[in-house]
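For reference, the chains in residue letters:
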Amino acid sequence: MALPRSSSLISHGMRLIAQAEGRHLASLSPPTTASLTTLTRISSTPSSARSFNTSASLLKKRKIAPASNSPSHSHSPSSSTPPSSPKADKSSNNNSPQPNPEDPLDFSSVLAAYATIDAHFKAQLQAVLHGGRFNPDVLGALPVTVKSPDDPEHHAKATFPLRELAQIVPRSGRIISLLVNEREYIKPIMSAVQASKDFNQQPQRSEDNELELLLRVEMERKEDLVRRVKEACQAWRERVRQARTKHEKALKEWKKNGTVLPDVVRKADKELQKVQDKKMKEIDGEEAQVIKQLDRR
């Protein structure tokens, strides 16, 4: 009675084992056509990411800093004028005291103009005493016209002092070296030096440095130095007269429109003449002193 029951249990167990083995073999069977198609689509999809071993190296371009004294793109030609030049004197007068009709005897505007003029011409006289026209300060103030850095197409022109385009280095053997900041400044500098009446020579190219120009310092005779001193002092006197004339025009205008009485204008003219005479004596003294120093050499 027990044998048939045990046989049925064994048969049922064998069927379960067979079904389990069938499912296991099905999982190990080769992939179907549908699965292969899916894998092919996945593998053929392009990837937007670049692998590290095939990416091209991206190098940042190195920027070379310009020389410290080179003109910048924001540099305007008007700001390149040396402080001691007449153009700078005129621009500085905008902030100087102006003639005041309420006080016609106030000559502060004239005295302020005299102070600026004095500084300019005293610097010229000192340059004659110390190095003459080849003094680095005098040479550095030489105006040079180059292509404007603000114009990308380089059609416009701009003027800068030589000191902003090149370094001025005195060498031995009466040689001055001009170390030009940029190659494009070489020809304009050569033209400016050659066209200048103070230098009137063509700078020579250095064999060792393509950005170096050489100037030969020419000895000046005493007579030439004295002549330059006299010319500078004469120009000094003329500038003083111009400052006085400007104030005289203001006095005449006040007299014409009735702002100031004629008697007050005449008194102001006399006092203004005294101020000018005093300044002329100072210029005479400066001229005599510089010439005396030249005689001692």
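Since the structure is predicted, the reported quantities are computational estimates derived from the model, not experimental observations.

Criteria and cut-off values
Residues numbered from 1 in each chain as written. Predicted model: local features only at pLDDT ≥ 70, side-chain atom pairs only at ≥ 80, totals over all residues. Heavy atoms only, no water. Helix = DSSP H or I, 4+ residues; strand = E, 2+ residues; numbered from the N terminus. Buried < 20%, exposed > 50% of the residue type's maximum accessible area, 1.4 Å probe, protein only. Contact = heavy atoms within 4.5 Å. Areas by Shrake-Rupley, 256 points an atom, 1.4 Å probe, with all protein chains shown as cover. Axes fitted to C-alpha atoms, helices over the stretch in contact; angles between N-to-C directions. Parallel < 35°, antiparallel > 145°, perpendicular 65-115°, else oblique. Nonpolar A, V, L, I, M, F, W, Y, C, P; charged D, E, K, R; others polar. Pairing = 2+ DSSP bridges. UniProt positions renumbered as here; feature names shortened; annotations may be inferred. Expected span 1.5 Å × (residues − 1).

The number of helices and strands found in the protein chain is eight helices and six strands. Each helix and strand of the protein chain, ordered N terminal to C terminal, gives the series α-α-α-α-α-β-β-β-β-α-β-β-α-α. Relative to its full complement of 297 residues, the protein chain shows a buried share of 31%. Across the protein chain, the fraction of contacts at a sequence separation of at least 24, relative to all contacts at a separation of at least 6, is 65%. When the accessible surface of the protein chain is split by element, carbon and sulfur atoms take 55% of a total near 20,500 Å².

With that settled, consider the packing of helix α4 (residues 108–129) against helix α8 (residues 262–295). In the contact formed by α4 and α8, the axes pass within 11 Å of each other and the chain directions differ by 10°. Considering their axes alone, α4 and α8 lie roughly parallel with respect to each other. Here V110, L111, Y114, D118, K122, L125 and L129 of α4 come into contact with α8, specifically with L272, V275, Q276, K279, E286, V290, Q293 and L294. Its residues placed into classes, the contact of α4 with α8 shows nine nonpolar, two polar and four charged.

An order of β3-β4-β6-β5 is seen for the four strands of this open sheet, with the pairing classed as antiparallel. The sheet is open, and its two borders are formed by β3 (166–171) and β5 (204–205), each paired with just one other strand. By the bridge criterion, two bridges tie β5 to strand β6 (residues 212–216) in an arrangement that is antiparallel. For R205, the partnering residue across the bridge sits in β6 and is L213. In the packing of helix α6 (residues 186–195) onto the sheet, contacts are made with β3, β4 (175–180), β5 and β6, and the angle to β6 comes to roughly 10°.

A few words now on the UniProt feature "coiled-coil region" (unreviewed entry) in the protein chain. When the UniProt feature table is mapped onto this chain numbering, "coiled-coil region" (unreviewed entry) sits at residues 219–257. As a span, residues 219–257 carries 90% helix and 0% strand, and end to end its C-alpha atoms are 58 Å apart.

Within the secondary structure layout, L139 lies in helix α5 (residues 136–140). Separated by 22 residues in the primary sequence, L139 and P161 place their C-alpha atoms 8.9 Å from one another.

So, about the packing of helix α7 (residues 222–256) against α8. As a packed pair, α7 and α8 sit with axes 10 Å apart at the nearest point and diverge in direction by 170°. When the axes of α7 and α8 are compared, the pair comes out roughly antiparallel. Considering only residue class, the contact of α7 with α8 consists of 16 nonpolar, three polar and 13 charged.

With that settled, the discussion passes to α4. The end-to-end C-alpha distance of α4, which contains 22 residues, comes to 31 Å, matching closely the 32 Å that a straight helix rising 1.5 Å per residue would cover. Of the residues making up α4, those classed as buried are S109, V110, A113, Y114, I117, D118, H120, F121, L125, A127, V128 and L129.

Within the secondary structure, Q276 sits in helix α8. Given the relative accessible area of 9%, Q276 is considered buried. When near neighbours in sequence (up to four residues on either side) are disregarded, Q276 contacts Y114, V240, R241 and R244.

Right, let's get into the environment of E218. In this structure, E218 sits in the loop between β6 and α7. The class for E218 is partly exposed, based on a relative accessible area of 37%.

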